Amino acid sequence: MSIGNLAIFNNRAGYRAGIDDYLFEKLNRLSLETIVNREILKNTVKVNLKHATYYQPITCRNLKLLLNEAHKTRSSFDHFIDIGAGKGKACFYAAKHFKFRKITGVEFSHGLVKIANRNKLIFGDRNVSFLSEDAADFLLPRGKCLVFLYNPFNDVILEKFISNNYTHFKEYESLIAYAYDVHRETLLVNGFRTLFRSAERKLSLYQLRSHFQKQR
Ligand SMILES: C[S@@+](CC[C@H](N)C(=O)[O-])C[C@H]1O[C@@H](n2cnc3c(N)ncnc32)[C@H](O)[C@@H]1O
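None of the values given here were measured: they were computed from a predicted structure. (Residues numbered from 1 in each chain as written. Predicted model: local features only at pLDDT ≥ 70, side-chain atom pairs only at ≥ 80, totals over all residues. Heavy atoms only, no water.)

Participant: Help me out: how do you make sense of the pairing of strand β3 (residues 128-132) in this one?
Facilitator: The side chains of a regular strand alternate between both faces of the sheet. Two elements, strand β2 (residues 102-107) and β3, share five bridges in a ladder whose sense is parallel. Looking at the pairing, E107 lines up with S132 of β3. For the segment spanning β2, helix α6 (residues 110-123) and β3, crossover handedness is right-handed. (Pairing = 2+ DSSP bridges. Helix = DSSP H or I, 4+ residues; strand = E, 2+ residues; numbered from the N terminus. Right-handed = clockwise from strand over helix to strand, strands pointing away.)

Participant: How should the sheet that holds strand β4 (residues 145-150) be read in this particular structure?
Facilitator: Two modes of strand pairing occur in sheets, parallel and antiparallel, and in both the strands are linked by backbone hydrogen bonds. The strand order across the open sheet built from seven strands is β3-β2-β1-β4-β5-β7-β6, with neighbouring strands paired in mixed fashion. If you trace the sheet from one side to the other, it starts and ends with β3 and β6 (192-198), each paired once. Each neighbouring strand pair of the sheet contributes to a mean axis angle of 20°, computed without reference to strand direction. As paired strands, β4 and strand β5 (residues 175-179) are joined by five bridges and run parallel to one another. For F148, the partnering residue across the bridge sits in β5 and is A177. (Axes fitted to C-alpha atoms, helices over the stretch in contact; angles between N-to-C directions.)

Participant: Which parts of the structure should I look at to understand the packing of helix α5 (residues 89-97) against α6?
Facilitator: For any two helices packed against each other, one specifies the inter-axial angle together with the distance between the axes. One can describe the packing of α5 onto α6 by two numbers: an axis separation of 11 Å at closest approach and a directional angle of 25°. Looking at the two axes, α5 sits roughly parallel to α6. In this structure, α5 meets α6 at a crossing whose hand is right-handed. Residues F92, A95 and K96 of α5 lie in contact with α6, whose contacting residues are A116, N119, K120 and F123. In terms of residue class, the contact of α5 with α6 is made up of four nonpolar, one polar and two charged. (Parallel < 35°, antiparallel > 145°, perpendicular 65-115°, else oblique. Left-handed = near helix turned anticlockwise from the far one by under 90°. Contact = heavy atoms within 4.5 Å. Nonpolar A, V, L, I, M, F, W, Y, C, P; charged D, E, K, R; others polar.)

Participant: Sorry if this is basic, but what is going on with the side chain of N190 here?
Facilitator: Mapped onto the fold, N190 is located in the loop between α9 (184-189) and β6. Ignoring anything within four residues of it in the chain, the contact list for N190 reads E159, I162, L208, F212 and K214.

Participant: Any chance you could explain the pattern of salt bridges here in plain terms?
Facilitator: When the charged atoms of two side chains with opposite charge come close together, those side chains can pair. Going through the model one piece at a time under the given rule, you end up with nine salt bridges. A salt bridge links K42 to E39, with the shortest nitrogen-to-oxygen separation between them at 3.3 Å. Here the residues in one salt-bridge network are D21, E33 and K89, joined through shared partners. (Salt bridge = Lys/Arg side-chain N within 4 Å of Asp/Glu carboxyl O.)

Participant: Help me understand the site of the ligand, please; the structure alone is not making it clear to me.
Facilitator: Residues in close proximity to the ligand total 23 residues, the closest being D82, G84, E107, D134 and A135. For the ligand, a nitrogen atom lies 3.3 Å from a polar atom in the backbone of F108. One of the side-chain N or O atoms of D134 is found 2.9 Å from a nitrogen atom in the ligand. For the ligand, the accessible surface in isolation is 610 Å², of which the surrounding protein chains cover 99%. Assessed atom by atom at 2 Å from the grid points, the ligand resides in the largest pocket. The residue makeup of the shell around the ligand, split by class, is 15 nonpolar, three polar and five charged. (Near = heavy atom within 4 Å. Polar contact = N/O pair within 3.5 Å; in protein donor to acceptor, adjacent residues only side chain to side chain. Areas by Shrake-Rupley, 256 points an atom, 1.4 Å probe, with all protein chains shown as cover. 1 Å grid on protein atoms, 1.4 Å probe; cavity = no way out; pocket = protein on both sides within 12 Å on 5 of 7 lines; lining within 4 Å. Sits in = over half its atoms within 2 Å of the grid points.)

Participant: So what exactly am I meant to see when it comes to the nonpolar core here?
Facilitator: The tendency in soluble globular proteins is for nonpolar side chains to be buried as a group. With 45 residues, the main nonpolar core has F80, F100, L146 and F148 as its most contacted residues. No other element matches the six residues that α5 contributes to this core. Those residues within four positions of L146 in sequence are excluded, and the remaining contacts are L67, A70, F77, H79, F80, I81, F100, L175, A177 and L205. One finds A136, I176, F192 and L208 within the second-largest nonpolar core, a separate group that totals 23 residues. (Core = buried A, V, L, I, M, F, W, Y, C linked by side-chain atoms within 4.5 Å. Buried < 20%, exposed > 50% of the residue type's maximum accessible area, 1.4 Å probe, protein only.)

Any link to function would need more than the numbers given here.
This is the structure in structure tokens:
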């Protein structure tokens, strides 16, 4: 590992990458680990940047933990969807280590979607696709989804996303897997219940309460 890479691995908010992250990137010949800050995102994002965090990839360890917890609920998911997919790490990891029929990454930076698609050429198709869309306008597809969020944005966009997809969550009982869950309160006040939480890691899993009625 070069000095440059070491700096990247240590300069993170929240989760610190480990050797498994380094190996996942290198052995699959992907480009995932370099952080993209908001200054750079500005070049490829037109709206809602002020509500966004920035690109840093989830660690294999935390994603694995969350996906295992989601599978413990004995749900059968049609679709894994990463909202704010960046360069696609969570999608590739889910494709490699878990069985989902379909995997989609939604990302509002055209530049990052380009990198994710370049990664996909190397990784192979494996039912993974990337959409260049803003989460604030994105509608979840039919079927039970495992919706993954790694602290992509603030409560403003989270609230919009939930509100636009409220009917979906009610009909399909999809789950939200939230990493670095700093805006979890937004989910709770909008009718979601916690199925799992690790306070130490800030990882959690939610489902909309079946009898919850949204106030209009
Ligand atoms: C912390 S990164 C997580 C990347 C990826 N999910 C992972 O775990 O490796 C958050 C990502 O969310 C994206 N993002 C932020 N706001 C967004 C929005 N409104 N719509 C879509 N993507 C957004 C950012 O560009 C960034 O790539």
